[in-house]
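# Structural description and commentary
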Amino acid sequence: MRRRLLIALAVVVLAGLALYLGNSSTIAGPEPGQRPFLLAHRGIAQTFDLHGVAADTCTATRIDPPQVPYIENTLDSLRAAFAAGADAAEIDVQLTRDGQLAVFHDATLQCRTDGTGTVGEHTLDELRKLDLGYGYTADGGRTFPLRGRGVGRLPTVPEVFAGLPGRELKLDLKRDQAADGEAVAAFLATLPGERLAQVTVTGGDRAVAVVASRLPQVRTSSRAIIKSCLLRYAGEGWTGHVPDACRHRELIVPIGYGRWLWGWPNRFVARMREAGTRVVVVRYVGDWSAGFDTPADLAELPDGWTGAVWTNRVDVVAPLLRP
């Protein structure tokens, strides 16, 4: 009996050792030749304090004192992000009343602009008459440093692609409607294959599912996609195998959750990269995702991180991550 117990214990120890060695990033180390991938969230954007933010909070009224002159989701902001070192930029997409793909984030217009209602209630011409910088204030409404700078600056998705040739773009569909997915898929279908390889589409389950079914060659992500991937990886990842549900995706991983993933961080990122999937790490403040925008934020990154970094201030973090 004692001999059997010793044999069983030895098997358990060896199995545990094999599991550790197969999933240890400490042993694997960072991938040679890889560096952090910088994803510029809405270009270079104004930052704000996320503490106490609720679903209906107007974040334009609580920005930090502006350090840059840019308004999110405009071509100037996106060009500045790439000039500062971004590898890709994320833009927010909504369908207008006349079927145009407008680049704008908020569900309603009255927070950031001098308009009211939703994007879907207006034509593109009506939206272009608005001032995108109208509502931004860092001092409780005493001054509005970006007011007057955003008139006529709202771009469409085709204009962003034309204005940023050869640049990698991520389209975040803000309305979870099949019509938005259909419109995005119809536009993307006009692009050549090499341009589609530079596109990621994320957003609500319904809208993204339409794009994924029409254009399976485009990298996609949604809550359902991420959940399906990570649940399957939890059961299979210890072997080093990447499930089909995780292939050709984008995975948004909160920084605190990563340690529960097999092979985190280096082996996990390498496995997903080999499967055509990008791993994007984000911070969380309360219930909200937040970018890595300051030197203090970057201290939270795992040592040797070579996945993607989500940031509103690529101009700040690029020099620190790529000295």
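Residues numbered from 1 in each chain as written. Predicted model: local features only at pLDDT ≥ 70, side-chain atom pairs only at ≥ 80, totals over all residues. Heavy atoms only, no water.

## Description of the pairing of strand β5 (residues 199–203)
Selection rule: Only protein chains enter the accessibility calculation, which uses a 1.4 Å probe; a residue is then buried when its area is under 20% of its type maximum, exposed when over 50%, and partly exposed in between. A run of DSSP states H or I qualifies as a helix once it reaches four residues; a run of E qualifies as a strand once it reaches two. Both are numbered from the N-terminal end. Any two strands with at least two DSSP-identified bridges between them are counted as paired. Assignment of crossover handedness uses the view with strands pointing away from the viewer, where a clockwise path from the first strand over the helix to the second indicates a right-handed crossover.
With four of its five residues buried, β5 lies for the most part within the structure. One ladder, built from five bridges, connects strand β4 (residues 168–173) with β5; its direction is parallel. Directly across from L171, in β5, lies its bridge partner V201. Assessed by its sense of winding, the connection that carries the chain from β5 through helix α8 (residues 205–214) to strand β6 (residues 219–222) is right-handed.

## Let's talk about the state of the cysteines
Definition in use: When two cysteine sulfur atoms lie within 2.5 Å, the pair is treated as a disulfide.
Applying the stated rule across the entire model yields two disulfides. What pairs with C229 in a disulfide is C246, and their sulfur atoms sit 2.1 Å apart. As the torsion about the S-S bond is roughly 105°, the C229-C246 disulfide counts as right-handed. Taken together, the positions of C229 in helix α9 (residues 223–236) and C246 in the loop between α9 and β7 (250–254) put the pair 17 residues apart, joining distant regions of the chain. For the pair C229 and C246, a shared accessibility class is recorded, and that class is buried. Going through the chain in sequence order and numbering each bonded cysteine, the pairs you get are 1-2, 3-4.

## Focus on the environment of S213
Note the cut-off: Between N or O atoms, a polar contact is any pair within 3.5 Å; within protein, one atom must be a potential hydrogen donor and the other a potential acceptor, and residues adjacent in sequence are included only when both atoms are from side chains.
Relative to the helices and strands, S213 resides in helix α8. Residues S213 and T239, 26 residues apart in the sequence, show an inter-C-alpha distance of 30 Å. Here R214 takes part through its side chain, which lies 3.3 Å from a polar atom of the side chain of S213.

## Examining helix α6 (residues 178–188)
Quick reminder of the rule: Within this analysis, the arc is defined by the directions that extend from the helix axis to the C-beta atoms.
Looking only at α6, the buried set comprises D180, G181, V184, A185, F187 and L188. Across the axial projection of α6, the buried residues extend over an arc of 160°, all falling on one side.

## Re the packing of aromatic side chains
The criterion, for reference: Under the pairing criterion, centres of Phe, Tyr and Trp rings, with the six-membered ring standing for Trp, must be within 6.5 Å; the plane angle then separates stacked pairs below 30 degrees from edge-to-face pairs above 60, leaving the rest tilted.
As enumerated under the stated definition, the model contains four aromatic pairs in all. On the basis of an interplanar angle of 70° and a centroid distance of 5.3 Å, the ring pair of F161 and F187 is categorised as edge-to-face. Residue F161 is found in helix α5 (residues 157–163), and its partner F187 is found in helix α6; the two are separated by 26 residues along the sequence. What makes F187 buried here is its relative accessible area of 14%. Between W264 and F268, the ring centres sit 5.9 Å apart and the planes meet at 50°, which makes this aromatic pair tilted.

## Comments concerning the pattern of salt bridges
The line we're drawing: Salt bridge, as applied in this entry: a Lys or Arg side-chain nitrogen positioned within 4 Å of an Asp or Glu carboxyl oxygen.
The final tally for this structure, using the stated rule, is 21 salt bridges. A salt bridge links D172 to K174, with the shortest nitrogen-to-oxygen separation between them at 3.2 Å. One salt bridge in this structure joins D297 and R283, with 3.5 Å as the shortest N-O distance. Linking D297 in helix α11 (residues 295–298) with R283 in strand β8 (residues 278–285), this pair joins segments that are 14 residues apart in sequence.

## Re the side chain of D92
Where we set the bar: Should any heavy atoms of two residues lie within 4.5 Å, those residues are counted as being in contact.
With respect to the element layout, D92 can be found in strand β2 (residues 88–95). On the basis of relative accessible area, D92 is assigned to the buried category, the value being 0%. Here the side chain of D92 touches R42 through a polar contact of 3.3 Å, side chain to side chain. Those residues in contact with D92 that sit more than four places away from it in its chain are R42, N73, A102, V103, F104, H105, D172 and K174.

## Describing unusual backbone geometry
Of all residues except glycine, most have a negative phi; of all peptide bonds, most are trans. In this structure, P265 follows W264 across a cis peptide bond, with omega equal to 0°. Relative to the helices and strands, P265 resides in the loop between β7 and α10 (266–274). We note that N73 has phi near 65°; this positive angle belongs to a residue other than glycine. Mapped onto the elements, N73 comes out in the loop between β1 (37–41) and α3 (75–84). Classification of N73 as buried rests on a relative accessible area of 3%.

## Some words on the pairing of β1
Among the five residues of β1, five are classified as buried, and the element is accordingly described as predominantly covered. Side-chain alternation along β1 places F37, L39 and H41 on one buried face and L38 and A40 on a second face that is also buried. Inspection of the sheet shows β1 paired to β2 by three bridges, in the parallel sense. Among the inter-strand pairings, L39 is bridged to a residue of β2, identified as A88.

## Some details on the confidence of the model for the chain
Rules: Confidence per residue, as judged by the predictor, is encoded in pLDDT with a range of 0 to 100.
In this model, the chain carries a mean pLDDT of 92, and residues with pLDDT of at least 70 account for 91%. Note on residues 8–21: pLDDT is under 50 here. Beyond four places in sequence and across chains, it has five contacts.

## Describing the packing of α6 against α8
Note the threshold: Where helices are involved, their axes are fitted lines through C-alpha atoms of the stretch in contact, as for all axes, and angles between N-to-C directions lie from 0 to 180°. Handedness of each helix crossing follows the sense of rotation of the near helix against the far helix: counterclockwise by less than a right angle gives left-handed, clockwise gives right-handed. Any residue outside Ala, Val, Leu, Ile, Met, Phe, Trp, Tyr, Cys, Pro, Asp, Glu, Lys and Arg is labelled polar, Gly included; the first ten of those are nonpolar and the last four are charged.
One way to put it is that α6 packs onto α8 with a least axis distance of 7 Å and a crossing angle of 35°. Relative to α8, α6 is oriented so that their crossing is right-handed. Together, A178, G181, E182, V184 and A185 of α6 and R206, A207, V210, V211 and R214 of α8 make up the contact between the two elements. When its residues are assigned to classes, the contact of α6 with α8 shows six nonpolar, one polar and three charged.

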